[in-house]
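# Residue-level structure breakdown
Read off the chains here:
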Amino acid sequence: MKTSPSDTIQQRDPSGRLYNPDLAPIEPAARRWGWFAIFNTWCNTAQSLLGYTLAASLFFDYGLNGWAVFAAIVLSGFVIMFLINLAGRPSVRYGIPYPVMARASMGVYGANIPALMRGIVAIFWYGAQSYVASTAILLLLTALFGEGAKETYLGLTPMGWIALVIVCATQIVLFWKGIEWIRMFLNWAGPAVYAVMVTLLIMIWVRTGSSLPAEVGSVLKGNPQATGSHVSNFFAVMGTMIAFYAAIILNYGDFSRYVRTEREMKLGNMLGLPVNITVFAFLSLLISAGTIALFGEHLTNPTEIIARIDNTALTVVAALMFFVATVGINVVANYVPPANDLSNLWPGRISFRGGGMIAAALAFVVSALWVPVISVFGISKFVNTLGAFLAPAYGIMIADFYLLKRQALSVEDLYSQSSGGVYYYHKGLHVEAIAALALSSVFSVSAVWLPALGFLSGFDWIISAGLGAVLYLFLSKFGAAKWAET
């Protein structure tokens, strides 16, 4: 009987400390994702309620000429695409998820450090996005059944609690069905949200008539009274866009491992990043300009826009679509990552599904406490402090794979507890990589807490990643020489 590579790997880890079927390499014949699935992954990432608000705000908050904003968005899309392609290649080549890939640079046990931090950050944002998605369902329920009782418990009305439970249950069902259901969900959701946005734009245009193009022209001229130079504001727009997508850059291998070929991954990333986010930003601009012409004020919250239109059929469909889109980004950016990261802590005890259920339970607490506690107290500094470690982790992982490992990995050793394994290093920890992570994170954490570094506005992620890479290469060279002497 022929032994599969996964069987061989499992035999090298009988204790289950490093292996389970969910973390095992996916063979090329078992991969089902093509460029369209990757394209729709990015569509769902952009099309959430928060994604719309961000895109609509960029044209108003920085005072730039609208075409300059578009240029910044397009350029940021290419930067993100470049970073994503670097992170995606090893997982396409070897079929491994992000936490397993991290073992090559951090050590088979040391990889748990950045993986756990990524998981915690994702769980907090999972809860936040779940609450945001519930506002779309609340809008739908209110349109169909009225407001209902107005008394609140933990800041939510009874209808609000029903909406939140619907969101959380839907996400669990989708996740429990598996990655193929997630792929089909994303493939359907991306085009559907675009259809709703175009419908919403047409309805606004019909009501505003010729005043819409005039308002769009006014927005494109920018605000001459805005503070800051045009150059700094241009880079601020770029930094904001990069920061919005930064979370998924590190763990993109969790998805690229399902793609058939690297060529399809790159095509999906091209269409889904610079092309998709520009088209989405353009639609957001038109709709937001239409709210000025229609209501006399700039609205960036799509649920508020839909409520103001006062069309029950549109409200139901649009609220459902924005709910679907927000669930899409939550699954992509905040559900699959902690499921893999928690599973990586102890693969023999925690499966992919088990990790996902732990993440869902913790995230529900976050979403339930969002209105009365977390939104008031604020968690951004806490979450961003943890997230500050992720940029250096990315830089270390990329420098290790492309410059030190020369794009060649021993897959079996990624799952091996043997002291002779390539990635066992020192008791499963790569001391130089962990030291580089700690040292470079001093800068990235400082960028979160020190107002003097606020001008970086998103570029601290790229700087921190570069710093992590440089420190790692230096310490690895120094460490190699030291171990050779001993």
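Anything mentioned here points back to the structure above.
Small disclaimer: the values here were computed from a predicted structure and weren't measured.

### What about the overall build of the chain?
- Broken down by element type, the chain carries 22 helices and zero strands.
- Compactness check: the chain gives a C-alpha radius of gyration of 23 Å against a globular reference of 23 Å for 486 residues, within 12% of the reference.
- Projected onto the principal axes, the alpha-carbon positions of the chain cover approximately 75 × 50 × 45 Å.
- Within the chain, buried positions represent 56% of all 486 residues.
- For the chain, the share of sequence-separated contacts (at least 6 apart) that also reach a separation of at least 24 residues comes to 84%.
- Carbon and sulfur atoms make up 68% of the accessible area of the chain, which totals about 19600 Å².

### Focus: the packing of helix α2 (residues 35-46) against helix α9 (residues 179-208)
- Orientation of α2 relative to α9, taken along the N-to-C sense of each, is 60°, at an axis distance of 8 Å. The angle between α2 and α9 falls in the class oblique. At the point where α2 passes α9, the crossing takes the left-handed sense. Residues Phe36, Ala37, Asn40, Thr41, Cys43 and Asn44 of α2 pack against Arg183, Leu186, Asn187, Ala189, Gly190, Pro191 and Tyr194 of α9.
- Looking at the contact of α2 with α9, its residues break down into seven nonpolar, five polar and one charged.

### Here's the deal with the packing of aromatic side chains
- Taken as a whole, this structure holds 20 aromatic pairs when the rule is applied.
- A ring pair is formed by tyrosine 153 and tryptophan 161, whose centres lie 6.4 Å apart and whose planes are at 40°; its orientation type is tilted.
- Counting every residue linked through ring pairs, the aromatic cluster contains Trp42, Phe244, Tyr245 and Tyr252.
- Here lysine 177 stacks its cationic end above the ring of tryptophan 181, 4.8 Å away from the centre of that ring.
- Between the NZ or CZ atom of arginine 257 and the centre of the ring of tyrosine 258, over which it lies, the distance is 5.3 Å.

### Description of the pattern of salt bridges
- Inspection of every chain in the model, using the stated rule, returns six salt bridges.
- In this structure, arginine 183 and glutamate 180 form a salt bridge, with 2.8 Å as the shortest nitrogen-oxygen distance. Of the two residues, arginine 183 and glutamate 180 are both situated in helix α9; the distance of three residues between them amounts to about one turn of the helix.
- The residue glutamate 264 makes a salt bridge to arginine 260 at a minimum N-O spacing of 3.0 Å.
- Connected through shared salt-bridge partners, Arg89, Glu262 and Lys266 make up one network.

### A look at the side chain of asparagine 40
- As for its placement among the helices and strands, asparagine 40 is situated in helix α2.
- Its relative accessible area of 0% is what places asparagine 40 among the buried residues.
- Dropping the residues within four chain positions of it, asparagine 40 is found in contact with Leu186, Asn187, Gly190 and Pro191.

### Overview of the nonpolar core
- Core analysis: the biggest nonpolar cluster contains 147 residues, and Trp33, Ile73, Tyr394 and Leu409 have the highest contact counts within it.
- At 15 residues, helix α15 (residues 312-345) tops the list of elements feeding residues into this core.
- Dropping the residues within four chain positions of it, leucine 409 is found in contact with Tyr94, Ile96, Met101, Ala104, Phe401, Leu414 and Tyr423.

### Some details on the side chain of glutamine 129
- Within the element layout of this structure, glutamine 129 appears in helix α7 (residues 112-145).
- Its relative accessible area of 6% is what places glutamine 129 among the buried residues.
- The residues touching glutamine 129, leaving out its near neighbours within four places in the chain, are Ser48, Leu50, Thr326, Ile329, Asn330 and Asn334.

### Structural notes on the packing of α9 against α15
- At a minimum axis separation of 9 Å, α9 and α15 run at an interaxial angle of 140°. With respect to each other, α9 and α15 are oriented oblique. Judged by the twist between their axes, the crossing of α9 over α15 is left-handed. Residues Ile182, Phe185, Leu186, Trp188, Ala189, Ala192, Val193, Val196, Met197, Thr199, Leu200 and Met203 of α9 form the contact with α15, whose own contacting residues are Leu314, Val317, Ala318, Met321, Phe322, Val324, Ala325, Val327, Gly328, Val331, Val332 and Val336.
- In the contact of α9 with α15, the residues fall into 22 nonpolar, two polar and no charged.

### Here's the deal with the environment of isoleucine 172
- Along the chain, the position of isoleucine 172 falls in helix α8 (residues 158-177).
- The exposure class assigned to isoleucine 172 is partly exposed, which follows from its relative accessible area of 26%.
- Those residues in contact with isoleucine 172 that sit more than four places away from it in its chain are Tyr335, Met357 and Ala360.

### Some thoughts on the environment of proline 21
- Relative to the helices and strands, proline 21 resides in the loop between α1 (5-11) and α2.
- The exposure class assigned to proline 21 is exposed, which follows from its relative accessible area of 65%.
- Put simply, proline 21 and phenylalanine 352 are 331 residues apart on the chain and 8.9 Å apart in space, counted from C-alpha to C-alpha.

### Structural notes on a nonpolar patch on the surface
- A contiguous nonpolar patch, built from Phe78, Met270, Val275 and Val279 and spanning about 290 Å² of accessible area, is present on the exposed surface.
- A total of three residues in the nonpolar patch trace back to one element, the largest contributor, which is helix α13 (residues 262-295).
- Inspection of the secondary structure assignment puts valine 279 in helix α13.

### Concerning the environment of glutamate 262
- Mapped onto the elements, glutamate 262 comes out in helix α13.
- On the basis of relative accessible area, glutamate 262 is assigned to the partly exposed category, the value being 21%.
- C-alpha of glutamate 262 to C-alpha of asparagine 85: the two residues are 177 residues apart in sequence and 8.7 Å apart in space.
- Those residues in contact with glutamate 262 that lie beyond four places of it in its chain are Arg89 and Val92.

The rules behind the values
- Residues numbered from 1 in each chain as written.
- Predicted model: local features only at pLDDT ≥ 70, side-chain atom pairs only at ≥ 80, totals over all residues.
- Heavy atoms only, no water.
- Helix = DSSP H or I, 4+ residues; strand = E, 2+ residues; numbered from the N terminus.
- Rg over C-alpha atoms; globule rule 2.2 N^0.38 Å.
- Buried < 20%, exposed > 50% of the residue type's maximum accessible area, 1.4 Å probe, protein only.
- Contact = heavy atoms within 4.5 Å.
- Areas by Shrake-Rupley, 256 points an atom, 1.4 Å probe, with all protein chains shown as cover.
- Axes fitted to C-alpha atoms, helices over the stretch in contact; angles between N-to-C directions.
- Parallel < 35°, antiparallel > 145°, perpendicular 65-115°, else oblique.
- Left-handed = near helix turned anticlockwise from the far one by under 90°.
- Nonpolar A, V, L, I, M, F, W, Y, C, P; charged D, E, K, R; others polar.
- Phe/Tyr/Trp six-rings, centres within 6.5 Å; stacked < 30°, edge-to-face > 60°.
- Lys NZ or Arg CZ within 6 Å of the ring centre and 35° of its normal.
- Salt bridge = Lys/Arg side-chain N within 4 Å of Asp/Glu carboxyl O.
- Core = buried A, V, L, I, M, F, W, Y, C linked by side-chain atoms within 4.5 Å.
- Patch = residues over 30% accessible without salt bridge, like charges linked within 9 Å, V, L, I, M, F, W, Y side chains within 5 Å.

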